[in-house]
Amino acid sequence: MSDSVPTKTAITTGISLAVAGLAVGLAGPKLVEKIITKMKPGGKFTGMNKPTAGARTVKELQGGDHPIQLYSMATPNGQKVTVALEEMGLKYDAWYTDIMAGDQFTSGFVEINPNSKIPALVHRDAPGGKPLHLFETGNILLYLAELTGKFLPTDPAKKAECLNWLFFNIGEAPYFGQFGHFTRYAPMKIDYAVTRYSTEVKRAMDVLDKQLERKSYLCGEECTIADIAWLPWVRCLDVFYKASETLELASFENVAAWRARMEARPATAKGLKINSDADGGVYRNYSS
């Protein structure tokens, strides 16, 4: 079928929205919301995305004995933190947080992260003697690196370079996520969106590939939190989004060699499994 011919999904969605529009005049916005939710024009994420913040259910979080409590799932952003925790040798309890079931909207989770996004972390023994709530992966990685003195250069210039690549990831990761959404999960194909995000992801991969020329890691010969931040998103393009051919990932030879190098690190390999169903689910909830 030609891309110019409406798909069955697109036609169904159009009818659904037309019915919803008619309902606005007949019964008001509350009925419209019910119709849209029922027909799910936004796909599997319809129930997750709402224009309001805050807890939707009352539920306390589980807790373990270790100083660090992590509430997460093995998405690329979640894997950044579990890889860091394993590589840094920290003691932690990691609790599986099912974002598709809405665990991130419980009162306990929202208390830690008002933005209702994984990962969220509590450090019970934070400097100052009070529990510290942490969210946003760049902030968590930087905090853990400074806490342990690991995976962050102490030389000011080298530290600044490391943070260049860390924050490049923080800014670029949403583009990778939008690529995955519009190529794998969106209820209809939108050529403009697919082209836009495919192009940007390939551009970012080329930036990484050029940086990794004649280097073992992004900032030289030592692994840093910049590498830890980038690995899950790079492998996601292949493992989760199944886009190796679409994005011609094999053409980024330096990135491929770096990825293999990172995945060969035992602590990294283990960290990628935490809060997932890998190996029969033994890592779903995990205590170090």
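Cut-off values and rules
- All residue numbers here refer to positions counted from 1 along the written sequence of the relevant chain.
- Predicted model: local features are reported for residues with pLDDT of at least 70 only, side-chain atom pairs are reported and counted for 80 or more only, and whole-chain, interface and lining totals are derived from all residues.
- Note that water and hydrogens are dropped before the side-chain values are worked out from all heavy atoms of the structure.
- UniProt positions are given in the numbering used here, feature names are shortened, and annotations may be inferred rather than shown by experiment.
- Buriedness for pockets is judged along seven lines, at least five of which must meet protein on both sides within 12 Å for an open set on the 1 Å grid over protein atoms alone, while cavities are sets there where a 1.4 Å probe fits but cannot get out, and lining residues have an atom within 4 Å of a point.
- Grid points are joined across faces, edges and corners, and a volume is the space filled by probe spheres set on the points.
- Put simply, DSSP H or I for four residues or longer makes a helix, DSSP E for two residues or longer makes a strand, and each gets a number counted from the N terminus.
- All amino acids are sorted into three groups, where Ala, Val, Leu, Ile, Met, Phe, Trp, Tyr, Cys and Pro are nonpolar, Asp, Glu, Lys and Arg are charged, and the leftover types, Gly among them, are polar.
- Each residue carries a pLDDT score, the predictor's own confidence in it, on a scale running from 0 to 100.
- Whether two residues touch is decided by their heavy atoms; if any such pair falls within 4.5 Å, the residues are in contact.
- Two strands qualify as a pair provided DSSP detects at least 2 bridges between them.
- Axis definition: a line fit to C-alpha positions, over the contact stretch in the case of helices; interaxial angles, taken between N-to-C directions, run 0 to 180 degrees.
- We call a set of buried Ala, Val, Leu, Ile, Met, Phe, Trp, Tyr and Cys residues a nonpolar core when their side-chain atoms join them within 4.5 Å.
- Exposure categories follow from relative accessible area, calculated using a 1.4 Å probe and restricted to protein chains: below 20% of the type maximum is buried, above 50% is exposed, and the middle band is partly exposed.
- One less than the number of residues in a helix, times 1.5 Å, gives the span that helix is expected to have.
- What the bend at a residue measures is the angle between two axes, fitted to the seven residues ending there and to the seven starting there.

As annotated in an unreviewed UniProt entry, the chain is Glutathione s-transferase 3 from Macrocystis pyrifera. Looking at the Sequence similarities (unreviewed entry) heading of the UniProt record, one finds this comment for the chain: "Belongs to the GST superfamily."

Observations regarding the layout of surface pockets
Taken as a whole, the largest pocket holds about 1400 Å³ of empty space. Around the largest pocket sit 44 residues that line it, and T75, N77, I99, K117 and W233 are the ones nearest its centre. Broken down by secondary-structure element, the contributors of at least two residues to the lining of the largest pocket are α3 (76-87), α6 (156-185) and α8 (225-239). Considering each element in turn, the lining of the largest pocket owes the most residues, 8 residues, to α6. By residue class, the composition of the lining of the largest pocket is 21 nonpolar, 16 polar and 7 charged.

Some details on the confidence of the model for the chain
Mean pLDDT over the chain: 89, with 84% of residues reaching 70 or higher. Low pLDDT, under 50, characterises residues 1-9; the stretch is placed with 5 contacts to residues that sit more than four places away or in other chains. Below pLDDT 50 for its whole length, residues 11-27 participates in 15 contacts with residues either more than four positions away or in separate chains.

Some points on the sheet that holds strand β5 (residues 286-287)
Taken in spatial order, the 5 strands line up as β4-β3-β1-β2-β5 in an open sheet, and their pairing is mixed. Edge positions in the sheet fall to β4 (132-135) and β5, since each has one partner strand and no second. Note that strand β1 (residues 68-72) and strand β3 (residues 120-123) share 4 bridges and pair antiparallel. Opposite I68, over in β3, you have H123 as the bridge partner. Packed on one face of the sheet, α3 meets β1, β2 (92-96), β3 and β5 and runs near 155° to β1.

A closer look at the nonpolar core
Most often, soluble globular proteins have nonpolar side chains that are buried together. Ranked by internal contacts, the top residues of the largest apolar core, which has 61 residues, are L144, M205, L208, I225, L237 and W258. For this core, the secondary-structure elements that each account for two or more residues are β1, α3, β2, α5 (137-148), α6, α7 (191-211), α8 and α10 (253-263). Per-element tally for this core: the top contributor is α8, with 10 residues. Non-local contacts of L208, meaning those with residues more than four positions away in its chain, are made with W165, F168, L218, W230, V234 and V255. In terms of nonpolar packing, the next biggest core, distinct from the first, is built from 10 residues, M73, Y96, I118 and V122 among them.

Some words on α3
In a regular helix each residue adds 1.5 Å, so 12 residues correspond to 16 Å; α3 covers 16 Å between its end C-alpha atoms and thus fits that length. The buried fraction of α3 amounts to 11 of the 12 residues, a majority that puts the element mostly inside the structure. Taken residue by residue, α3 has P76, G78, Q79, K80, V81, T82, V83, A84, L85, E86 and E87 as its buried positions. Where α3 terminates, the next one or two residues include G89, which has phi positive at roughly 70°.

With respect to the pairing of β3
Side chains of β3 alternate between two faces, with A120 and V122 and L121 and H123 buried alike. Note: β3 against β4, 4 bridges, orientation antiparallel. Across the sheet, the residue bridging to L121 is L134, located in β4.

Quick look at α6
Here α6 spans 42 Å end to end across 30 residues, near enough to the 44 Å set by a 1.5 Å rise per residue. A bend of about 35° at E172 is the largest found in α6, and the proline P174 appears one to four places after it. When α6 is considered as a whole, its buried residues turn out to be C162, L163, W165, L166, F168, N169, E172, A173, F176, F179 and G180. On the buried face of α6, the contacting elements are α3, α5, α7, α8 and α9 (244-247).

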